[in-house]
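# An overview of the molecular structure
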Amino acid sequence: MQTETDSKQQKKLIVKAFVALFILTIIWGYNWVVMKQAVQFASPFQFAAIRTFFGSIVLFILIFLTKRPLALKEFPTMLMLGLLQSCGFTGVLIWALVEGGAGKTAVLTYTMPFWVMLFAWPMLGEKIQGWQWLVVLFALFGMVLIFDPLHIKADGFSMFLAVFSGVSWAISAIVSKKLHQRAPHLDLLNLTAWPMFLGSIPIVAIAFILPAPPMQWAPTFVFAVLFNVLLSGCLAWVLWLYALQRLQAGVASMASMLAPVIGVIAAWIQLNEVPNTYELVGMVLIALSLVTISGISISKHTQIDPAQGQE
């Protein structure tokens, strides 16, 4: 009876983790359009500094109000996470958006799942299972169709930055997973706030040092700041870490691939970045791979071990 109860509880945790991933993919997916609009009113480093610094402040306020532990623990790892997440991921992807389209930048950044699966094998011992290879191939082919490497134009540097941000995010996922294995009871808000704050310091410094026109506080920019600070910068990262603690790093990263599809569709509708036939087919393949990996993962309960299945 106890085993059956534990199995049901484990399945509930897995379902909650996938729900968290679905919500954050909507936020992160649409945010590509929001960020593309924001860099029309501020430099990429000014916007990244606002997003990361004030996002961390909001999280610290929540920690204080909810009486959660505020002290900085695991400092070297927290600093590494901050540099990877705030500088290597957030700062670089916003920089990439200055010269590249929102849809293509989103897709290139989300090469992250493949880097995660590559790094998770030797670093976490998470081997790619037989059925996962098929899903990866479908998703990879879909990414290639959207990327359209045979028709790369003048935005090569932007695309390099987008891929770099994806690699940085992948490494941060591995580091977060290893940290949770070492310190499973570390508070989730604390784990989100401190890296964001520590990583924002270099970005703030760069924003002050590099010359840039004054920020234009138009309504669109104000909305972008609020969206990024409260939703994309705070809520989504908490949801991501929540899911990452309960799922395999590779599985969580694959499921988050819905975000670039949403980004492409949103850019199509709002920014007139019309995808071609290959890009549409690629999005369908990615969507099918997401449905497959999510369904099989939940039904087989293979994502977490009992030691991780704790609220």
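Thresholds, definitions, all that
- Residues numbered from 1 in each chain as written.
- Predicted model: local features only at pLDDT ≥ 70, side-chain atom pairs only at ≥ 80, totals over all residues.
- Heavy atoms only, no water.
- Patch = residues over 30% accessible without salt bridge, like charges linked within 9 Å, V, L, I, M, F, W, Y side chains within 5 Å.
- Areas by Shrake-Rupley, 256 points an atom, 1.4 Å probe, with all protein chains shown as cover.
- Salt bridge = Lys/Arg side-chain N within 4 Å of Asp/Glu carboxyl O.
- Helix = DSSP H or I, 4+ residues; strand = E, 2+ residues; numbered from the N terminus.
- Core = buried A, V, L, I, M, F, W, Y, C linked by side-chain atoms within 4.5 Å.
- Buried < 20%, exposed > 50% of the residue type's maximum accessible area, 1.4 Å probe, protein only.
- Contact = heavy atoms within 4.5 Å.
- Expected span 1.5 Å × (residues − 1).
- Polar contact = N/O pair within 3.5 Å; in protein donor to acceptor, adjacent residues only side chain to side chain.
- Phe/Tyr/Trp six-rings, centres within 6.5 Å; stacked < 30°, edge-to-face > 60°.
- Lys, Arg positive; Asp, Glu negative; His and termini not counted.

## Here's the deal with a nonpolar patch on the surface
There is a patch of nonpolar side chains on the surface, built from Trp217, Val222, Leu226, Leu230, Leu231 and Leu235 and spanning about 530 Å² of accessible area. Residue position: Leu226 is located in helix α9 (residues 219–246).

## Here we look at the nonpolar core
The biggest cluster of nonpolar side chains holds 87 residues, and the ones touching the most others in it are Trp28 and Trp240. Setting aside residues no more than four positions away along its own chain, Trp28 makes contact with Arg51, Tyr110, Trp169, Ser232, Ala236, Trp237, Trp240 and Ala259.

## Digging into helix α2 (residues 44–65)
Between its terminal C-alpha atoms α2 stretches 32 Å, which fits the 32 Å expected from 22 residues at 1.5 Å a residue. Looking one or two places after α2, you find Lys67, whose phi comes out positive at around 60°.

## With respect to the side chain of Thr77
Structurally, Thr77 is set in helix α3 (residues 75–99). We classify Thr77 as buried; its relative accessible area is 14%. In terms of polar contacts, Thr77 uses its side chain to reach the side chain of Arg182, at 3.1 Å.

## Some details on the pattern of salt bridges
If you walk through the whole model with that rule in mind, you get two salt bridges. The residue Asp187 makes a salt bridge to Arg68 at a minimum N-O spacing of 2.7 Å. With Asp187 in the loop between α7 (156–182) and α8 (188–209) and Arg68 in the loop between α2 and α3, the pair connects residues that are 119 residues apart, well separated along the chain. Here Arg68 falls in the partly exposed class, since its relative accessible area comes to 37%. One salt bridge connects Glu74 with Arg182, and the closest N-O pair in it is separated by 3.0 Å. Residue Glu74 is found in the loop between α2 and α3, and its partner Arg182 is found in helix α7; the two are separated by 108 residues along the sequence. The exposure class of Glu74 is partly exposed, given its relative accessible area of 30%. When its relative accessible area of 47% is taken as the criterion, Arg182 is described as partly exposed.

## Overview of unusual backbone geometry
Even without glycine at this site, Lys67 takes up a positive phi of about 60°. Its place among the elements puts Lys67 in the loop between α2 and α3. Positive phi outside glycine occurs at Glu74, with the angle close to 50°.

## Notes on the environment of Phe75
Within the element layout of this structure, Phe75 appears in helix α3. With relative accessibility at 41%, the residue Phe75 sits in the partly exposed group. Separated by 123 residues in the primary sequence, Phe75 and Leu198 have C-alpha atoms spaced 9.8 Å apart.

## Notes on the environment of Thr90
Among the secondary structure elements, Thr90 is positioned in helix α3. Looking at Thr90, the relative accessible area reads 2%, which means it is buried. Taking the C-alpha atoms as reference, Thr90 lies 9.8 Å from Gly166; in sequence the two are 76 residues apart. The contacts of Thr90, once residues within four sequence positions are left out, are Arg51, Thr52 and Gln85.

## Considerations on the packing of aromatic side chains
Following the criterion strictly, the structure yields 17 aromatic pairs and no others. Seen in terms of ring centroids, Phe160 and Phe164 are 6.5 Å apart; in terms of plane orientation they differ by 35°. Their pairing is tilted. Here Phe160 pairs with Phe164, and both are found in helix α7, just four residues apart, close to one helical turn. By relative accessible area, which is 42% here, Phe164 ends up partly exposed. Each ring, one from Trp217 and one from Phe221, has its centre 4.9 Å from the other, and the planes form 70°; the classification is edge-to-face. Grouped by ring-pair contacts, the aromatic residues Phe53, Phe54, Phe60, Trp194 and Phe197 constitute a single cluster.

## Points about the side chain of Lys36
Structurally, the position occupied by Lys36 is in helix α1 (residues 2–38). Within the buried set, Lys36 has no salt-bridge partner at all; the shortest N-O distance to an opposite charge, 5.5 Å, is to Glu273. Sequence-distant contacts of Lys36, that is, excluding residues within four places in its chain, are made with Leu97, Val98, Gly100, Ala102 and Leu271.

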